[in-house]
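One-letter residues, chain by chain:
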Amino acid sequence: MKESNEKGIHELYGEDPEKAAEILWGGGGFRASRRGFLTKSAIASMSALLGGKIVFGDRFPASLIPAALAQSDQPFKLPGKEGLVVLNDRPINAETPAHLLDDKITPANRLFVRNNGLPPASDSIDPEKWTLEIAGESIGKPTTFTLPELKEKFEHHTLQLTIECGGNGRSEFNPPATGNQWTVGAVGCPEWTGVRLRDVLEACDLKDDAIYTGYYGKDTHLSGDPGKEAISRGVPIAKALEDESLIAFAMNGEDIPYLNGHPLRLVTGGWPASTSGKWVKKIVARNVVHDGAKMTGSSYRVPRYPVAPGTQVPDEDMKIIESMPVKSLVTFPQSGIEHPVKEAFSCRGHAWAGDLSVKEVHVSIDFGATWSRAVLEAPVNRLAWQHWSIEGIRFPMKGYYEVWARAVDENGTSQPMILPGWNPKGYLNNACHRIAVQAI
Ligand SMILES: Nc1nc2c(c(=O)[nH]1)N[C@H]1C(S)=C(S)[C@@H](COP(=O)(O)O)O[C@H]1N2
Ligand SMILES: [Mo]
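Summarised in this report is the structure supplied together with it. Please read all numbers here as calculations on a predicted model, not as lab measurements.

### Observations concerning helix H3 (residues 40-50)
At step 1: In terms of burial, H3 is a largely internal element, 8 of the 11 residues being buried.
At step 2: Three or more residues of H3 are buried, namely Ser41, Ala42, Ile43, Ser45, Met46, Ser47, Ala48 and Leu49.
At step 3: As for H3, its buried residues are in contact with helix H2 (17-25), strand S2 (37-38) and strand S4 (92-95).
At step 4: One or two residues past the end of H3 sits Gly51, with phi positive at roughly 85°.

Here you go:
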């Protein structure tokens, strides 16, 4: 199910092809076509999506949907991505199948993509000229840094930090929630390099009355209206001032991928990834809870108390999601494999718990009746996911099994075996991940 304002590419072209081209390829701020043909800039953003230069791009009729996008259900070769499942073409949203998240450090081509709006045209991004403005009521010395200045003035830090979309797991809620129907793959844990948000805020004279941050990115609203933000969220100041809250300019030692926020993004490990602003151009420190786009209503908010599925929850009874709950993935083997019944079975994956660490991971092959404890590694740094593995599992006879993994955080809170509390937008589903195995 899509949000009412999130239209697919066919629908959009059907209404008004020239306007569609403008919204999709014009980056919002300029005309995408002249006399029926696309402008250079529109061709460049279309090329980025198609994964290669459109050689005769100047002859491409502006009213046509590129065939690569029009003719299949997996139309996109997302630039820089491999094997992701596209959930929505506008805005682009794509998740990673669990078995492709097996690496300890999530590679660039395997990190999910969650866009609320339209990314800035790729040829409009010049890292040398990119600026970051620090402002807001609680900043004494508002300052604009160029990206090279930011890199030069502040100490660099490299950390592995887990980011997970608040809506990861949404597809299982019933009654269903609108929005991208994420299964399990809107999570990843790459290694980020950047400067500390704290160092930058303090250099701009952060005042004592600061209680919240807010970010603004260079992407544009789906309507194409330059006056509207696609998303503008923030975190309480205490979270912003943690050692691990980074303004990152690199991922896994390279430029951040275009769709993941190149050339500059926030990374707020352990919190809904909606707080990790991409293509960030402005950060504000505020003396009120930030009230930007998707901070209010049912966006990234859940009821303060458990509600029956389908309940209409009054606005004042909703609270902003903070740390994400304990969760785990089985990343090896791939669900659906066949395994010789005579051989011992091994599996592995990752576990994470928002601001907390993971204490234990248990594995069950009998739908949760009995559990065996897995070997669990410590995180490489705070807010990085942890790796678990288990060997020597014996299937008693041939047949269909499910392997379930269940993590427990440092406070003793466990993942639920089945769906946790229903909420209007389908956030925070941290039920046990399960894979199917045929013992043969
Ligand atoms: N500027 C901007 N930042 C953004 C978003 C966005 O649409 N625009 N989406 C947010 C959401 S909801 C998520 S889950 C993460 C996704 O990060 P990724 O696309 O790099 O995986 O980015 C967050 N930051
Ligand atoms: Mo998200």
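### Observations concerning the sheet that holds strand S12 (residues 212-217)
At step 1: Ordered in space as S7-S6-S16-S12, the 4 strands form an open sheet in which the pairing is mixed. Strands with a single pairing partner mark the edges of an open sheet, and in this sheet they are strand S7 (143-146) and S12. Sheet twist, expressed as the mean angle between neighbouring strand axes with direction ignored, is 15°.
At step 2: Taken together, the 6 bridges between S12 and strand S16 (residues 280-286) define a ladder with antiparallel strand orientation.

### What about the site of ligand 1?
At step 1: Phe112, Asn116, Asp219, Arg265 and Lys278 are the nearest of the 19 residues found near ligand 1.
At step 2: Between ligand 1 and the protein, one listed contact pairs an oxygen atom with a backbone N or O atom of Phe112 at 2.6 Å.
At step 3: Between ligand 1 and the protein, one listed contact pairs a nitrogen atom with a backbone N or O atom of Ser276 at 3.0 Å.
At step 4: Notes on ligand 1: free accessible area 540 Å², of which the protein chains cover 100%.
At step 5: Those elements that provide at least two residues to the shell around ligand 1 are strand S5 (113-114) and S12.
At step 6: Looking at side-chain class alone, the shell around ligand 1 contains 8 nonpolar, 7 polar and 4 charged residues.

The rules behind these values
- Residues numbered from 1 in each chain as written.
- Chains lettered and ligands numbered in written order.
- Predicted model: local features only at pLDDT ≥ 70, side-chain atom pairs only at ≥ 80, totals over all residues.
- Heavy atoms only, no water.
- Buried < 20%, exposed > 50% of the residue type's maximum accessible area, 1.4 Å probe, protein only.
- Helix = DSSP H or I, 4+ residues; strand = E, 2+ residues; numbered from the N terminus.
- Contact = heavy atoms within 4.5 Å.
- Pairing = 2+ DSSP bridges.
- Axes fitted to C-alpha atoms, helices over the stretch in contact; angles between N-to-C directions.
- Near = heavy atom within 4 Å.
- Polar contact = N/O pair within 3.5 Å; in protein donor to acceptor, adjacent residues only side chain to side chain.
- Areas by Shrake-Rupley, 256 points an atom, 1.4 Å probe, with all protein chains shown as cover.
- Nonpolar A, V, L, I, M, F, W, Y, C, P; charged D, E, K, R; others polar.

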